[in-house]
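Listed below are the residues making up each chain.
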Amino acid sequence: MTGDAKVSDASATMNFRRRDAADKLRGRTRYTIDRYLPGMLHAAILRAGVPSGRIARLDITKAARMPGVRAVVTAADAPGMIGIGIADHPLFARDVIRYDGEPIAAIAADTLMQAHAALAAIDVEIEPLPVVLTMADALAPDAPLVHPDWRNYEVLLEGGVRGGNIAWEATVVRGDVDAAFARSDVEIIDSSFRVGRQNHVAFEPRAVVASYEDGRFHIETSTQVPWTIRNATARLLGVPASRVRVTVPPVGGGFGLKFDLAIEPFAALLARASGRPVRLVNSREEEMLTCLFRENAEIRIRSAVTRDGEIVGREAVVLMDCGAYGGEQIFLTTMTAHTLGGNYSLGAVRLVSRAVYTNTAPNGAFRACNGVYNTFALERHTDEVAARIGMDPLAFRRRNVLGDGDLGATGQVFEGDVLGPMLDRMDTMRDAAATPPGCDDGRLYGRATVVGTWFVFVGPSAATVNMNADGTATLVTSGVEIGSGSMMQALPQIVAGTLGLSPHDVIVRAADTDAAGYDVGVGGGRTTVSLGAASLSAAHEVRTKLLKVASEMIEAAAEDLVMRSGRIEIAGAPGSGRLISEVAARAQAQIGPISGTGAFTGAGMPAMPGCVAGHFIDAIDIPVFAVHDCEVAVDTETGHVEVLSYRVVQDVGRALNPRAIHGQIQGGVVQGLGYALHEEVTIGSNGRVRQNGFETYRVPLALDVVPVEINLYEGAPSIGPLGTKGAGEVPILNVAAAVACAVANAIGKPILELPLTPPRVLELLLDQRPTLSLPHIAEAWTNNLLRPHKTDGSN
Amino acid sequence: MDTPASRSVYVAPSLTSALDALDEGGAAAAPFAGGTWIMRAPIRHELLKPRYVAIGSIPELHGIKIDADAVEIGAAVTHATLAAALAELSEFNVLTAAAGRSANPAIRGMATIGGNLATTAFAAADCVPALLCLDAEVEIASRGSRERIDLEQFLTMRSTLAPGWLVQRIIVPRQERKTAHARLPLRQAGDYPTAIVSLAVSLDDVGRVQTARVAVGSVEPVARRWERLEDALVGHPLNAAKAAHAAAGLADEFTGRDSTDVPAWYRVRVLPGLVRRAAAALGS
Amino acid sequence: MGLSLTVNGDHLTSTADPITPLVDVLREEFHLTGAKPVCREGFCGACMVLIDGNPTPSCLMPAALAEGCDIRTVEGLAVNGGLNPIQAALEACDAVQCGMCFPGMVVSLTHLLTTRPGATRDDIRAALTGNICRCTGYERIIEAALLALATT
């Protein structure tokens, strides 16, 4: 994006330490939950205790008179509706309760205890309505509708097919799949899979402190998406978005949980009603029961494969439970094309993803969203395919992985051979490793190597770099530090490299929607890419301006000058020239302070015409690939799975901070181990999530994990700044796939469901697990569509 | 700080003052030892008692007395302290392991042995089966009275014990025996065991089992002895595989408890494996 | 009346209800927000403080029972505003991500460092059974503990 001009003279690559560590280690960092303002009120939310019902009566008069109560707000205070693709979600339940835990009213009082006491005094009567708790229930003939008024909702993106309990349907059709399946030289392999939800367990719960000043809302919140909070809050409250300012303190973990609006509007409404700052923090139980989980999903894949291993046809149906409101799952229907339809070169393909309404807590985004379970399904299916045609699973993968010039599911042409060389590199790593000890202890041993395809969620970002006369630079963006370190490491490194500064001399402004331009948010591996590109572009503008001033000062042509080590000097003549601070000071005095702005958005890679319907993006601008390898031992008496070794080869484009990326990979793999082995969410017959705390929702502990052996694969094509790709999201992508395939190999039985908790594995070992049956996925692929796939130009 | 203002905590300086306070408090009062169960009342949606009598500072409840024929353990002794005190006495391996591996290190430093026995709703307590297989007795006290009863008997009456009673100490007889504790958490550690087998045997001169005690915890709502398996072990050399085989044949006497994370059948199904592990730990 | 508490050497008074979890008194009355109430059940360790030198989840400790004890929070572990050996090692190893668990990690590991100088890798892992980290996958934390043990 910077043309032919030289971008930098100093390397941006280094293991630069993060500047926020020392305060985090001393307990000094003030996260949103640590912000206590003078005169602040404490808020609490009345939540429904049934999954489906009609609000027959709601009377807040008694509650409003309770001691300490300063404000009570209800649906009457929030007229708007929000959503992705369709606006189906009000802030409060209006007349109808659609999930257990849905907010009904919010109260602010002098103390939290008073707020809770007042909640109990709200007079509410709910008449039960019929309930659909599972996708099977929701898709049954004559199922009660979660949204009987679905036709009346405002459509925000045209092109999606909807109907009844199907919130959104997205399809991909490329080539003649029927013909492929009808060939006489193919084996047809049919697999079904089911996965549960995953809770992010961000250590900082969703939390907000809101105030109302000079006719504007100021929302301080623990979020990944300040601009979404600004715009969605305004929409729900029915005020102009310019009346909402969002600032973001350090965020205590996101993982996608905070990629959507949370509880901010409640605090905003209460702040306006009371005239006081209002603090609202979810309890851990609220987080456990109503977090925007990674969705549960049901998947059926069929493939037509020749005996020499060519995949001539593939079709799949993916059902994604969006819970009571569409939310992120509506967008994620798009992703199946690139996750289930990724990894391998396919002859003909057709895929349908359906986001299904149920009377359960809404689901949301979680690190590598739909990719984690689709990769599990795809890789397990791939092993079944290889077994059927009698080919070694690794040889089958090597034959079919996407390479240079291959078509993706939506018809995009992939550039470069990446997965193939990554598989080679994994071979080298695996061969160099020692055999794990103790294979004669009666346990069953297995290993697997799996591949995965993910992408960088690009989209708009803005950045400003202000050059200060003291030789430091201030980077202003709407980026948020959620823990991944991108804002502390990659971004200052990019700016510093461009300007020849130490990254210590790049000040990074915390997100403030009043100070920086629009940004999609921190997630989808986009921080280093989108914010990085905008920052690079802004820094480059500063560089150009500085060089111009310096050229006059030094009396040398700008193109002969370099910026490094805090100096601008003539190339090849170290010590010549001036300090950058001198140039900046001169510029400030002569022409005014120097600053630069930068902007970025995706390239908008096209799909093959006619290929996609109901998709939010047609193709992926920056694919990201990963190869994982895992060895396990399975205890036949108890069903316990022990991970013995774990190896990752990850496509990173270019590693700006290798050590930071290693940290992301270790952490992401461990989250994936939790998903694969321990973390289970189940929903009771009352519609409530049964795991309400850390006793029953088990995340991996230090004794449950292994050090991950890591190899960063650099050099794959990327439109990211300096050739980077997002590296923090993808490490979780194929962990469940690797573990499940390894366990299947160990026990000699198919793994069709996750997580592989000891009871589930023991059931499999004892042949007592009932066969997975998904009768609500129709046998014929086309019968799973609300209407036939067509692209009428609306997409 | 989500607690009503009317609560009180009385830090009892002596056993007498604690028993007096409990007696006066009646049903509104309860003893407070380590607090690791009581302080989690909010997540169980239970109300706290209006009055707690903290017993953690009472010197009489903190002793561990090791005599030639018995070990006496004060009710307020923590798991960590107990594990450290018995570490060198191999006949108490079962109890050392129970106290030394339950929960996590910080909790072991707070949770008390008395609390472990007295918390009726906590089915996964490690020390209960361990003490059952050691033929432990429990001394309970109230204002003006004191009783010493079998642990088994205590477990049947603890939920109906009148207010005012307190576990004062646990008495474990000493004898020549080999003991082991096999517990099965879902992760490597840090969660409550899905099932526990505590084993204590004495062997005769030729290595045959003379007496056997097997106790099973966490499988059913209350831990209990597995007497049929004990009978099956007596008179034979201790052999881990054979013990597991015998356990598999007898496990149907247990009715597992269903819970959010573990189905009932699983708790029963893993018992033979735990019996094997416990027996194997005794070097058989 | 009120409760008298000794925190990081300071004598402080609280008006809280006696059974109020210590973590809430520390944070809301004493403005010591280092300890984080994350699970409030003693599983996660993010609210860990030293009570008379022993790592204790402050969510399970009623404030009244901390009277007369030496309470040391993460804020009191750094010497003269610097970093103690485990804090320095964690920083040097680039271990920190979101940081919410680290106050508790630092408390547990500071205790480990002073009480078990010979601790092995497995000892460290076991010692962290009650300290959950959701971001890092633990490896860097274990590395840092080994580094601190080797250099102190």
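Thresholds applied
- Residues numbered from 1 in each chain as written.
- Chains lettered and ligands numbered in written order.
- Predicted model: local features only at pLDDT ≥ 70, side-chain atom pairs only at ≥ 80, totals over all residues.
- Domains from an automatic or database assignment.
- Contact = placed C-beta atoms within 7 Å.
- Helix = DSSP H or I, 4+ residues; strand = E, 2+ residues; numbered from the N terminus.
- Nonpolar A, V, L, I, M, F, W, Y, C, P; charged D, E, K, R; others polar.
- Axes fitted to C-alpha atoms, helices over the stretch in contact; angles between N-to-C directions.
- Parallel < 35°, antiparallel > 145°, perpendicular 65-115°, else oblique.
- Expected span 1.5 Å × (residues − 1).
- Buried ≥ 20, exposed ≤ 12 C-beta atoms within 10 Å, placed from the backbone.
- Pairing = 2+ DSSP bridges.
- Core = buried A, V, L, I, M, F, W, Y, C linked by C-beta atoms within 7 Å.

## Here's the deal with the domain arrangement of chain B
Residues and elements named next belong to chain B. Along its sequence, chain B is carved into domain 1 (1-48 + 63-175) and domain 2 (191-281). Taking the mean C-alpha position of each, domain 1 and domain 2 sit 24 Å from one another. At the junction of the two partners, domain 1 supplies 15 residues and domain 2 supplies 18 residues. Broken down by secondary-structure element, the contributors of at least two residues to the side of domain 1 that touches domain 2 are helix H3 (93-101) and helix H6 (127-132). A per-element tally of the side of domain 1 that touches domain 2 places H6 first, with 4 residues. Among the residues making up the side of domain 1 that touches domain 2, the classes are represented as 12 nonpolar, 1 polar and 2 charged.

## Examining the packing of helix H15 (residues 527-554) of chain A against helix H16 (residues 580-591) of chain A
All names here are of chain A. One way to put it is that H15 packs onto H16 with a least axis distance of 9 Å and a crossing angle of 95°. Of the possible angle classes, the one that applies to H15 and H16 is roughly perpendicular. Mapping the contact onto sequence places Lys545, Leu546, Val549, Ala550 and Met553 in H15 and Ile580, Val583, Ala584, Arg586 and Ala587 in H16. Classifying every residue of the contact of H15 with H16 gives 8 nonpolar, no polar and 2 charged.

## Regarding helix H5 (residues 139-151) of chain C
Taking 1.5 Å per residue, 13 residues should reach 18 Å; H5 of chain C reaches 18 Å between its end C-alpha atoms and fits that length. Taken residue by residue, H5 of chain C has Glu139, Arg140, Ile141, Ile142, Ala144, Ala145, Ala148 and Leu149 of chain C as its buried positions.

## Looking at the sheet that holds strand E23 (residues 473-477) of chain A
Residue and element names in this part refer to chain A. Strand order in the open sheet formed by 4 strands is E24-E23-E22-E28, with mixed pairing between adjacent strands. Unpaired on one side and paired on the other, strand E24 (506-509) and strand E28 (595-600) mark the two borders of the sheet. Averaged over all pairs of adjacent strands, the angle between their axes in this sheet comes to 20°, without regard to strand direction.

## What about the interface of chain A and chain B?
Contacts between chain A and chain B engage 20 residues on the former and 18 residues on the latter. Going through the elements one at a time, helix H3 (112-120) and helix H19 (758-765) of chain A are the ones with two or more residues in the side of chain A that touches chain B. Residues that form the side of chain A that touches chain B fall into these classes: 7 nonpolar, 8 polar and 5 charged.

## Things to note about the nonpolar core
By size, the foremost hydrophobic cluster in this structure holds 434 residues, and its most contacted members are Ala43, Ile107, Ala267, Leu546, Val739, Ala740 and Val743 of chain A. Not counting chain neighbours up to four residues away, the residues in contact with Val743 of chain A comprise Gly446, Val632, Val634, Val641, Ile751, Leu756 and Val761 of chain A.

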